[in-house]
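Now for the letters of each chain:
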Amino acid sequence: MKDFAMEEELATEQETTKKNKLPVIPWMRDPIDISLCDSCPFDSLPFIDPRLEVALQNMGITSLFPVQLAVWQETIGPGSFERDLCINSPTGSGKTLAYALPIVQMLSTRTIKCLRALVVLPTRDLAVQVKEVFAALAPAVGLSVGLAVGQSSIADEIAELIKKPKLDAGIFYDSEDFSQELRSSVDILVATPGRLMDHIHNTKGFTLEHLCYLVVDETDRLLREAYQSWLPTVLQMAYSSNQSLFPSADDIIPPTFGSLKTIRSFGVERGFKGRPHPRLVKMVLSATLTQDPSKLAQLDLHHPLFLTTGQRRYQLPEQLKSFQVVCKSKLKPIYLLALLGTLQGEKCIVFTSSVESTHRLCTLLNFFDDLKFKIKEYSRLQRQSIRSKTLRAFRAGEVEVLISSDAMTRGMDVEGVKNVINYDMPAFIKTYIHRAGRTARAGQTGRCFTLLHKDEGKKLKKLLQKADNESCPVYSVPSESVESLLPMYNSALERLKESVTSEMYRKRKVNIKSPNVIKTKQKAV
Ligand SMILES: Nc1ncnc2c1ncn2[C@@H]1O[C@H](COP(=O)(O)OP(=O)(O)OP(=O)(O)O)[C@@H](O)[C@H]1O
């Protein structure tokens, strides 16, 4: 099974080759340069709610990072949120707080609880991570945050998201009237597209009619996959409530004018008591934001403002150092073990090119005796519960090395990851950026090693040039460590073969068994 991230990169390779050309989209040609902003302490941050200052301090945050300050300046104060924002900022630069803080600040004055902000992310683990950031801020100003990712049963999720009216004993309620009384229990919802669509289609009382803010995080990834048409559905639901009370510019202006609509931004409660609806504000973000007009058009952006870091389209974190480890292809597993040995138990993520090779590599490495570090697998082949458990153990430092497919590349923020290793060289710069970006986050240092055959050096160099990185020195692993591992390698390979065969046998057995189960069930019916 090929990892979807690879396919995604294939689809956008043409984009990446246009590295020195100006973006095709006019509004992207004159961006706000985030790198010109300094980090900013709270006492010089205009308009910040003092309760949020306290919440930020409790999170251990004492000043805003440049992207956070840049977004704050564009969203808070006079003319706030008049334009939609497109943010392209490196991995680990703090994009989550960049959107969470202004949204919570803007909603802090709301008086009626209803769903005002929706944040969509491509994976469950990522959504859980982002929810935690909102959950650290929102309660300080009386706001509630919900999660729709399928982590718990749909019934439990509905109970969290929807508030039922209290019923008086003995009084009969018509079920239709009853559904009209249902209200949102949350002001902010963090969701994955699949579960969001489940709620849109099936959950009574779930509505986007009061939505003021839509955040599409990891935009390029989310736009590449239709996920049951979640985006047009969300936009349609949010816009249709606008149209019912306040005629949309679309009704007057022909659609060819696209996003050139009249600015309608009102500081009122959205859609209550016949008041006009404020515009649905969108914020879209990525470390590798697409510049493809047809993809961005799906977002129906309103006078978009482009914020990016520096001149280059692709940026690696400033404190990241890249290295290459040259070895023969068939000796890669022992070079990897020898490399891990030199890293002395520092937290490390090893990336492979597919879920199958993740599984095989992890199995193989665990057949070596006397490993000084715990190695676990993290891939889409595993059940979510197992994946989440592994991630928890990795965060807690009980596992030092995670072997991962690209499911881990996007957005995951694990404290203390000092090293990333490309066991298989990524084919595209976007993949390199998202993998390497699991380290050197929030201004910390980090290293990214790429294992390669000596003929692949040029390819890596070319790849890194796209992110303006010319330096990728060779990292030498001690030859005595490699030699000492050689005798164990053959027996580990033998054990891997046996393990793969027995796994295949088990799978076949399950496949043969299941038709019988179905037949028996059919008979019973
Ligand atoms: N102002 C701040 N001060 C200190 N730490 C911060 C600040 N803002 C964010 N961080 C920390 O920086 C780390 C990276 O933040 P975040 O996950 O939002 O990055 P990102 O830009 O979304 O990265 P990616 O593109 O990989 O998703 C997190 O651990 C977060 O807690």
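Scoring rules and cut-offs
- Residues numbered from 1 in each chain as written.
- Predicted model: local features only at pLDDT ≥ 70, side-chain atom pairs only at ≥ 80, totals over all residues.
- Helix = DSSP H or I, 4+ residues; strand = E, 2+ residues; numbered from the N terminus.
- Buried ≥ 20, exposed ≤ 12 C-beta atoms within 10 Å, placed from the backbone.
- Contact = placed C-beta atoms within 7 Å.
- Core = buried A, V, L, I, M, F, W, Y, C linked by C-beta atoms within 7 Å.
- Pairing = 2+ DSSP bridges.
- Axes fitted to C-alpha atoms, helices over the stretch in contact; angles between N-to-C directions.
- Near = placed C-beta within 6 Å.
- Nonpolar A, V, L, I, M, F, W, Y, C, P; charged D, E, K, R; others polar.
- Left-handed = near helix turned anticlockwise from the far one by under 90°.
- UniProt positions renumbered as here; feature names shortened; annotations may be inferred.

Of regular secondary structure, the protein possesses 18 helices and 18 strands. Taking all 525 residues of the protein together, 41% fall into the buried category. Look at the contacts in the protein between residues 6 or more apart in sequence, and 81% of them connect residues 24 or more apart.

The next subject is the nonpolar core. One broad rule of soluble globular proteins: the nonpolar side chains tend to lie buried together. Ranked by internal contacts, the top residues of the largest apolar core, which has 121 residues, are L118, V190, V350 and I421. Residues within four places of V350 in sequence aside, it is in contact with L336, V401, L402, I403, S404, I421 and Y423.

Spatial strand order, β13-β18-β17-β14-β16-β15: six strands in an open sheet with parallel pairing. Every other strand in the sheet has two partners, leaving β13 (320-326) and β15 (375-378) as the edge strands with one partner each. Taking the axes of each pair of neighbouring strands and ignoring which way they run, one obtains an average angle of 20 degrees across the sheet. In this structure, strand β14 (residues 347-351) lies alongside strand β16 (residues 401-404), joined through four bridges in parallel fashion. Within β16, the residue paired with V350 across the bridge is I403. Relative to β15, helix α15 (residues 384-396) is tilted by about 140 degrees, and along the sheet it contacts β15 and β16.

Now for the sheet that holds strand β9 (residues 188-191). Taking strand neighbours across the sheet as the criterion, the eight strands line up as β1-β12-β4-β11-β10-β5-β9-β6 in an open arrangement whose pairing is parallel. Both edges of this open sheet fall to β1 (32-33) and β6 (145-148), since each of them pairs with a single strand only. Contacts between helix α4 (residues 95-107) and the sheet are confined to β4 (85-88), β5 (117-120), β10 (213-216) and β11 (281-286), with β11 contributing the most and set at about 165 degrees to the helix.

Structurally, I112 can be placed in the loop between α4 and β5. It is 58 Å that separates the C-alpha atoms of I112 and L452, two residues lying 340 residues apart in sequence.

Lining the immediate environment of the ligand, one finds 19 residues, of which T91, G94, K95, T96 and A442 sit closest. Elements with a minimum of two residues in the shell around the ligand: β3 (63-64) and α4. The greatest single-element share of the shell around the ligand, amounting to three residues, is contributed by α4. Here the shell around the ligand is built from residues that sort into six nonpolar, ten polar and three charged.

Their axes nearest at 10 Å, the elements α4 and helix α5 (residues 124-137) cross at an angle of 40 degrees. Where α4 crosses over α5, the handedness of that crossing is right-handed. Facing α4, whose interface residues are T96, L97, A100, L101 and V104, α5 presents V130, V133, F134 and L137. Broken down by class, the residue content of the contact of α4 with α5 amounts to eight nonpolar, one polar and no charged.

This part is about the UniProt feature "domain: Helicase C-terminal" (unreviewed entry) in the protein. According to UniProt, the feature "domain: Helicase C-terminal" (unreviewed entry) maps to residues 335-485 in the numbering used here. As annotated, residues 335-485 comprises 37% helix and 17% strand, and the C-alpha atoms at either end are separated by 9 Å.

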